[in-house]
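# Fold and contact review
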Amino acid sequence: GNSVTQMEGPVTLSEEAFLTINCTYTATGYPSLFWYVQYPGEGLQLLLKATKADDKGSNKGFEATYRKETTSFHLEKGSVQVSDSAVYFCALPYGGATNKLIFGTGTLLAVQP
Amino acid sequence: DAGVIQSPRHEVTEMGQEVTLRCKPISGHDYLFWYRQTMMRGLELLIYFNNNVPIDDSGMPEDRFSAKMPNASFSTLKIQPSEPRDSAVYFCASGPGARGTEAFFGQGTRLTVV
């Protein structure tokens with residue numbers, strides 16, 4: 001079945017540093033891929049998504065490219081801010097119901113001023 | 001739309017008591033999901049519904065857990081009797097089901113069983 005492997009954290013960066021959080025997946029076919037973000041004390045919210053190979057999802061300065069050849073969907077941001085401190089989850093559908101998601105373990109990002 | 005609404009936000013209960021968590025999905029969404037989040041196990045899918053019908057409850061940990069969706073705008077997750085190891089954050093999510101669409105999450109219910 002489908003699965004996702006996510007870079008473990010925590011990741012601690014200084015403000016304005018470059019961020020990469022790795023995510024690789026195993027799937028049948030070419031599912032949509034998602035990054036969700038969870039701010040302290042809140043639920044998960046969609047950060048960005050890509051629905052087919054070579055698509056680039058982007059939002060709030062974050063980007064991720066759907067790489068079929070490497071089965072990856074790494075999250076990047078060129079200059080992080082303190083307000084980006086959160087837990088980031090890579091996700092893809094289990095299969096069948098497309099909103100039924102399997103999540104990575106989550107990566108805690110802490111950005112220091 | 002107000003998004004997925006869960007209640008209560010926080011629940012503290014004594015071991016052995018019945019706990020009921022509530023969820024109102026986004027109007028028009030055909031799918032509803034219940035997840036549990038813990039430090040040890042991360043995010044686990046407990047059960048999901050399609051058009052109010054339970055499709056897969058294989059993630060429900062024990063018979064003490066049950067979920068219902070009596071109509072398109074309401075779902076409950078019940079734990080009876082509750083145990084300290086049930087302490088977690090429980091999330092409800094809903095989605096339209098079409099390919100490429102995402103699931104929308106509620107704010108969660110933080111359950112503490114003492």
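I will try to describe carefully the structure that is included in this document. Owing to the predicted nature of the structure, the values given are computational and were not obtained by experimental measurement. (Residues numbered from 1 in each chain as written. Chains lettered and ligands numbered in written order. Predicted model: local features only at pLDDT ≥ 70, side-chain atom pairs only at ≥ 80, totals over all residues. Heavy atoms only, no water.)

### A few points about the sheet that holds strand β3 (residues 19–21) of chain A
Paired through their backbone hydrogen bonds, the strands of a sheet run either parallel or antiparallel. Residues and elements named next belong to chain A. Basically, it comes down to this: For two strands to pair, DSSP has to find at least two bridges joining them. By the criteria applied, helices consist of DSSP H or I runs no shorter than four residues and strands consist of E runs no shorter than two, each listed in order from the N terminus. In this description, a line fitted to the C-alpha atoms serves as the axis of each element, helices being fitted only across the stretch in contact, and the angle between N-to-C directions of two axes falls anywhere from 0 to 180 degrees.
Strand order in the open sheet formed by four strands is β3-β9-β8-β7, with antiparallel pairing between adjacent strands. The outermost strands of the open sheet, each flanked by one partner alone, are β3 and β7 (56–59). Pairs of neighbouring strands in the sheet enclose a mean axial angle of 15°, with direction left out of account. The pairing of β3 with strand β9 (residues 75–77) spans three bridges and is antiparallel. Bridge pairing in β9 places Ile-21 opposite Leu-75.

### Brief notes about the environment of A:Cys90
Residue and element names in this part refer to chain A. To be explicit about the condition: For this analysis, residues touch if any pair of their heavy atoms sits within 4.5 Å.
With respect to the helices and strands, Cys-90 occurs in strand β10 (residues 86–95). Counting along the chain gives 15 residues from Cys-90 to Leu-75, while the straight-line C-alpha distance between them is 8.7 Å. If near-sequence neighbours (up to four positions away) are discounted, Cys-90 is found in contact with Val-4, Gln-6, Cys-23, Phe-34, Trp-35, Ile-102, Phe-103 and Gly-104.

### Quick notes on the nonpolar core
To keep things clear, this is the line we draw: The term nonpolar core refers to a set of buried residues drawn from Ala, Val, Leu, Ile, Met, Phe, Trp, Tyr and Cys, joined through side-chain atoms within 4.5 Å. Only protein chains enter the accessibility calculation, which uses a 1.4 Å probe; a residue is then buried when its area is under 20% of its type maximum, exposed when over 50%, and partly exposed in between.
Residues A:Leu19, A:Trp35, A:Leu47, A:Leu48, A:Phe73, A:Leu75 and A:Tyr88 are the most contacted members of the largest nonpolar core, which totals 27 residues. For this core, the secondary-structure elements that each account for two or more residues are β2 (11–14), β3, β4 (23–26), β5 (33–38), β6 (44–50), β8 (62–65), β10 and β12 (107–112) of chain A. The element best represented in this core is β10(A), accounting for four residues. The residues contacting A:Leu19, other than those within four sequence positions of it, are A:Val11, A:Leu13, A:Phe62, A:Leu75, A:Glu76, A:Lys77, A:Val80 and A:Leu109. One finds B:Ile26, B:Leu32, B:Phe49 and B:Met69 within the second-largest nonpolar core, a separate group that totals 21 residues.

### Thoughts on the pattern of salt bridges
What counts is decided by this rule: The working definition used for a salt bridge is a side-chain nitrogen of Lys or Arg within 4 Å of a carboxyl oxygen of Asp or Glu.
Under the criterion given, the structure shown has 13 salt bridges over all chains. A salt bridge links A:Asp55 to A:Lys52, with the shortest nitrogen-to-oxygen separation between them at 3.3 Å. One salt-bridge network, held together by shared partners, links B:Glu62, B:Arg64, B:Glu83, B:Arg85 and B:Asp86.

### Observations concerning the sheet that holds strand β3 (residues 19–24) of chain B
Residue and element names in this part refer to chain B. The strand order across the open sheet formed by four strands is β1-β3-β8-β7, and the pairing between neighbours is antiparallel. A single partner strand is all that each edge strand has here, and the edge strands are β1 (5–7) and β7 (65–71). Here the strands of the sheet are splayed against their neighbours by 15° on average, with no regard to which way each runs.

### Quick word on the state of the cysteines
Simply put, disulfide is the name for a covalent bond between the sulfur atoms of two cysteines. Residues and elements named next belong to chain A. Formally: Defined by distance alone, a disulfide is two cysteine sulfur atoms within 2.5 Å.
Counting across every chain of the model gives two disulfides over all chains. Put simply, Cys-23 and Cys-90 are joined by a disulfide, and their sulfur atoms are 1.9 Å apart. What sets the handedness of the Cys-23 and Cys-90 disulfide is the S-S torsion sign, and at about -65° it is left-handed. Placement of the pair is Cys-23 in strand β4 and Cys-90 in strand β10, with a sequence separation of 67 residues. For Cys-90, a relative accessible area of 1% corresponds to the buried category.

### A word on the interface of chain B and chain A
Stated precisely, the cut-off is as follows: For this analysis, a polar contact is any N or O atom pair within 3.5 Å, provided that within protein one partner can donate a hydrogen and the other can accept it, and provided that sequence-adjacent residues contribute only side-chain to side-chain pairs.
At the interface, 22 residues of chain B touch 21 residues of chain A. The interface formed by chain B and chain A contains two salt bridges. In this assembly, chain B and chain A are joined by 12 residue pairs in polar contact (both at pLDDT 80 or more). Of all elements in the fold, only β4 (31–38), β5 (42–50) and β9 (88–95) of chain B reach the threshold of two or more residues within the side of chain B that touches chain A.

It is worth stressing that arrangement in space is one thing and function is another; only the former is reported here.
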